[in-house]
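These are the residues of each chain, in order.
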Amino acid sequence: MTLAPGKALRVAFGETVTELANDDPRIVVLDGDLGSSTRVDIFEAAHPERFFQMGIAEQNMLGVAAGMATVGFVPFVSTFACFAVARALDSIRVLIAQPRLNVKITGGYAGLLAGMTGKTHLMFDDVAVMRAMANMVVVSPADEVETRQAIKAITDYEGPVYLRLTRPETPILFDDAHRFELGKATLVRDGDDVTVFSTGVQTTRVFEAAQLLAAKGIETKLVHVPTIKPLDEEAIVDAAREAGFVVTAEEHTIIGGLGSAVAETLSDRYPVPVKRLGLADTFGESGPNHELLEKYGISIEKTAASIETLVRAR
Amino acid sequence: MTDQMIVTQPDITELEELVRQARVHIVRSIASAHGGHLGGPLSAIDMLVALYFGVLQIKPDQPDWPDRDRFVLSKGHSSIALYTTLAMRGYFSVEELDTFDAINSRLQGHPDMAITPGVDMSSGSLGLGFSGAVGIALGARAAGKDFTTFAMLGDGECNEGIVWEGAHVAERYRLGNLVAIVDHNKLQQFGWHGESVEVRLPPYTGNQLVDRWTAFGWKVFEMDGHDMNEILATIAKAKAHSNGPVAIVAHTVKGKGVSFMENNYKWHARVPTEEELAIAERELGEPTGGGAS
Ligand SMILES: Cc1ncc(C[n+]2csc(CCOP(=O)(O)OP(=O)(O)O)c2C)c(N)n1
């Protein structure tokens, strides 16, 4: 069973922030000249008086967002992950995280698939950077359904949040019965042979990999971790205790992302072997999505193969 | 160097024909790669051809020649214009343009000095390339070398604070060996809207860009960035000005050469369909499906 096609997370974001703003006058959007890509153009068309074009000037944009938050607004800042996290990091650190201001930083086009732009734009150490920052909440939803719920949840939460968003259309994993809860992991699939923690859109690939593995008699337990910080430590420790060894998967470098968070937690609380799947310690490159996923080893097939190798080695 | 020498050396008609061919390569490359940018490359290409065929002291067979003039495409998203020019100038084959944006290609979405011959500075995150160019010029000065460093920026790129940090330092050190060309095509990617959201305003209007660069202590010239004679003459004047940095504000048309792309922000980074490509080729005076090379 393959998953039904769904919208890109960026589209779900543009639509949801627009809807929420209908009833929540605190919501404003700040754009770094990328609205037509990150899809806050949807918001601009609906709420032009609450859309602020900051131009191609990200350090200033994050600072302006901090200022607006002190006046009672809930700014959603929209640009690509590379420019939010890498370019504007000092603004985020000093003006948003340290004073714990209510700014929602969205990192669009995060991960490996940023429309052939190549290494300058491919940001897959964003979670590592933002997770290391005190006071920051880090959320990485899997599909459009969860993205909508997550945006509602982070709007209700008072404080700085980094929301990871991606560019390509993404299959739908969750139905409307799904409940995203900040700081909580979700069991997506049960299985006895291997336990995988994954985050973001990579969860949809692991889910499909699990179907391939099931056909070979390998049953995967899949725990989706959409909030990377604060981490659902109980869910992770419980699953590790049951399984005895765990695998992590993410469209992010294996340095500092979900895999690191899980390994840190387990080494403190319940040491078991942890195998991290994700992107190697490298920069990306231009190319079509499916070729990048293959080459960098995180496609559905590559994920299935990696998990199978790990299971057979045990 | 006088205006005379520069203007009379290259054959204007030949350069204009190279520009035409380059536009065809650009449009075809974006269509076949299914990615990349169009509006900005098409506004910049006349100036790139002028630089690489009429101005820069370079040795394409020796891209790392230490005394070469340098060119930094700070508006790195216009990479296909740079790659096309480099290919036509002999840094690599024109056929290699077919690998633009492909996996394992040397021709990445944004210029990468680590892998592409002829790329003097990596860019793609707007504003950064210009800092690198200031550093090259400062380094040349400190090393006693007399080559010239050119940087090309977008007008939207001039939103970035770092551009003005670089401009300040370049003036401070009176870098007469640095020329910034601002591709003033009056559009950025999305920008501010006008009377409706469909209408996107220019990043700067009137004399704003000229005034800003002037206020930062730069000598400023303006030119029509699609007039080959004017481009060569203005660059010659800029080179001749040696007691401080020069900014050339080049008035251009985003998407220049293809009617439906001109002045239309939606063509910043759209991929043409087959039909659109055919129209573009026709408008650029090229038989559909033929080779421009
Ligand atoms: C720091 C940074 N922010 C955002 C972008 C995304 N981006 C790429 S091109 C572009 C618009 C550039 O406009 P302009 O400089 O006027 O270039 P042109 O119109 O000549 O294409 C933007 C916002 C980027 N590459 N770098």
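Residues numbered from 1 in each chain as written. Chains lettered and ligands numbered in written order. Predicted model: local features only at pLDDT ≥ 70, side-chain atom pairs only at ≥ 80, totals over all residues. Heavy atoms only, no water.

Turning our attention to the side chain of Asp232 of chain A. All names here are of chain A. Along the chain, the position of Asp232 falls in the loop between β10 (227-229) and α10 (233-243). There is no salt bridge for the buried Asp232, and the closest opposite charge comes from Lys184, which lies 4.7 Å off by N-O distance. When neighbours within four sequence positions are excluded, Asp232 is seen to be in contact with Gly183, Lys184 and Ala185. (Helix = DSSP H or I, 4+ residues; strand = E, 2+ residues; numbered from the N terminus. Buried < 20%, exposed > 50% of the residue type's maximum accessible area, 1.4 Å probe, protein only. Lys, Arg positive; Asp, Glu negative; His and termini not counted. Salt bridge = Lys/Arg side-chain N within 4 Å of Asp/Glu carboxyl O. Contact = heavy atoms within 4.5 Å.)

This part is about the environment of Glu301 of chain A. Mapped onto the secondary structure, Glu301 of chain A falls in helix α13 (residues 300-313). The residues contacting Glu301 of chain A, other than those within four sequence positions of it, are Leu212 and Glu294 of chain A.

All names here are of chain B. Counting residues in each nonpolar core, the largest one holds 61 residues, and the members touching the most others are Val27, Leu51, Tyr52, Phe71 and Ile181. Per element, the largest residue contribution to this core is 11 residues, and it comes from helix α2 (residues 12-33). Those residues in contact with Ile181 that lie beyond four places of it in its chain are Met47, Leu51, Ala151, Met152, Leu153, Met223, Ile235, Ile248 and Ala250. (Core = buried A, V, L, I, M, F, W, Y, C linked by side-chain atoms within 4.5 Å.)

All names here are of chain A. The strand order β7-β9-β8-β11-β12 describes an open sheet built from 5 strands, whose pairing is mixed. Edge positions in the open sheet fall to β7 (186-189) and β12 (274-279), since each of these has one partner strand only. When strand polarity is set aside, the average angle formed by the axes of neighbouring strands in this sheet is 25 degrees. Direction of pairing for strand β8 (residues 194-198) relative to strand β11 (residues 246-253): parallel, over a ladder of 4 bridges. Its bridge partner lying in β11, Val196 is registered against Val247. (Pairing = 2+ DSSP bridges. Axes fitted to C-alpha atoms, helices over the stretch in contact; angles between N-to-C directions.)

Residue and element names in this part refer to chain A. Along its sequence, chain A is carved into domain 1 (9-164) and domain 2 (186-309). The straight-line distance from the C-alpha centre of domain 1 to that of domain 2 is 25 Å. Residue-level contacts link 28 residues of domain 1 with 34 residues of domain 2. Buried surface at the junction of domain 1 and domain 2, summed over both partners, amounts to about 2,300 Å²; 60% is from carbon and sulfur atoms. Of all residues in domain 1, Leu112, Phe124 and Arg131 bury the most surface against domain 2, accounting for 32% of the area lost on that side. A salt bridge links Glu264 to Arg131; its shortest N-O distance comes to 3.0 Å. The interface formed by domain 1 and domain 2 contains 16 residue pairs in polar contact (both at pLDDT 80 or more). Elements with a contribution of two residues or more to the side of domain 1 that touches domain 2: α7 (126-131) and β5 (137-139). (Domains from an automatic or database assignment. Buried area = accessible area lost by both parts, 1.4 Å probe. Polar contact = N/O pair within 3.5 Å; in protein donor to acceptor, adjacent residues only side chain to side chain.)

Residues and elements named next belong to chain A. Strand order in the open sheet made by the 7 strands is β2-β1-β3-β4-β6-β5-β10, with mixed pairing throughout. On the outer flanks of this sheet lie β2 (51-53) and β10, each paired with one strand and no other. On average, each strand axis in the sheet is tilted by 20 degrees relative to the strand beside it, whichever way the strands run. Where β5 lies against strand β6 (residues 161-164), 3 bridges are found, and the strand directions are parallel. Across the sheet, residue Val138 finds its bridge partner in β6, namely Tyr162. In the packing of helix α4 (residues 58-70) onto the sheet, contacts are made with β1 (27-31), β2, β3 (74-80) and β4 (104-108), and the angle to β3 comes to roughly 170 degrees.

Right, let's talk about the pattern of salt bridges for a bit. Residue and element names in this part refer to chain B. This structure, assessed with the given rule, holds 33 salt bridges over all chains. A salt bridge links Glu96 to Arg106; the nearest nitrogen and oxygen atoms lie 2.8 Å apart. With Glu96 in the loop between α4 (79-89) and α5 (128-143) and Arg106 in the loop between α4 and α5, this pair connects stretches of sequence that are 10 residues apart. Residue classification places Arg106 among the partly exposed positions, given a relative accessible area of 34%.

The next subject is the site of the ligand. Around the ligand sit 24 residues in total, of which Glu58 of chain A together with Lys75, His77, Asp155 and Lys254 of chain B are the nearest. One chain alone does not account for the residues near the ligand; they come from chains A and B. Taking His77 of chain B, its side chain carries an N or O atom lying 2.7 Å from an oxygen atom of the ligand. Burial of the ligand by the surrounding chains reaches 99%, relative to a free accessible area of 600 Å². (Near = heavy atom within 4 Å. Areas by Shrake-Rupley, 256 points an atom, 1.4 Å probe, with all protein chains shown as cover.)

All names here are of chain B. Evaluation of the coordinates by the stated rule reveals 14 aromatic pairs over all chains. When the centroid spacing of 4.9 Å and the interplanar angle of 45 degrees are considered together, the rings of Trp164 and Phe216 count as tilted. Within this pair, whereas Trp164 is found in helix α6 (residues 161-172), its partner Phe216 is found in the loop between α7 (208-215) and β4 (219-224), the two being separated by 52 residues in sequence. For Trp164, a relative accessible area of 13% translates into the label buried. It is Arg200 that lies over the ring of Phe190; its NZ or CZ is 3.7 Å from the centre. The side chain of Arg270 reaches across the aromatic face of Trp267, ending 5.1 Å from its centre. (Phe/Tyr/Trp six-rings, centres within 6.5 Å; stacked < 30°, edge-to-face > 60°. Lys NZ or Arg CZ within 6 Å of the ring centre and 35° of its normal.)

Attention now goes to unusual backbone geometry. For the peptide bond that leads from Lys229 of chain A to Pro230 of chain A, omega is -5 degrees, which places it in the cis range. Looking at where Pro230 of chain A falls in the secondary structure, it is placed in the loop between β10 and α10. With a phi close to 55 degrees, Tyr109 of chain A is a non-glycine residue in the positive phi region. With respect to the helices and strands, the residue Tyr109 of chain A is situated in the loop between β4 and α7. With a relative accessible area of 7%, Tyr109 of chain A lands in the buried category. The phi dihedral of Asp101 of chain B is positive, around 70 degrees, even though this residue is not glycine. Structurally, the position occupied by Asp101 of chain B is in the loop between α4 and α5. Taking relative accessible area as the criterion, Asp101 of chain B reaches 2% and is therefore assigned buried.

Opposite the 31 residues of chain B that make contact, chain A presents 32 residues. For the pair chain B and chain A, the two sides together bury roughly 2,300 Å², of which 50% comes from carbon and sulfur. On the chain B side of the contact with chain A, Ile103, Gln189 and Phe190 of chain B bury the most area, a combined 28% of that side's loss. Applying the counting criterion to the chain B and chain A interface returns 3 salt bridges. A salt bridge links Asp112 of chain B to Lys119 of chain A; the shortest N-O distance between them is 2.4 Å. At the boundary of chain B and chain A, one finds 22 residue pairs in polar contact (both at pLDDT 80 or more). Here the residues of the side of chain B that touches chain A are counted per class, giving 9 nonpolar, 17 polar and 5 charged. (Nonpolar A, V, L, I, M, F, W, Y, C, P; charged D, E, K, R; others polar.)

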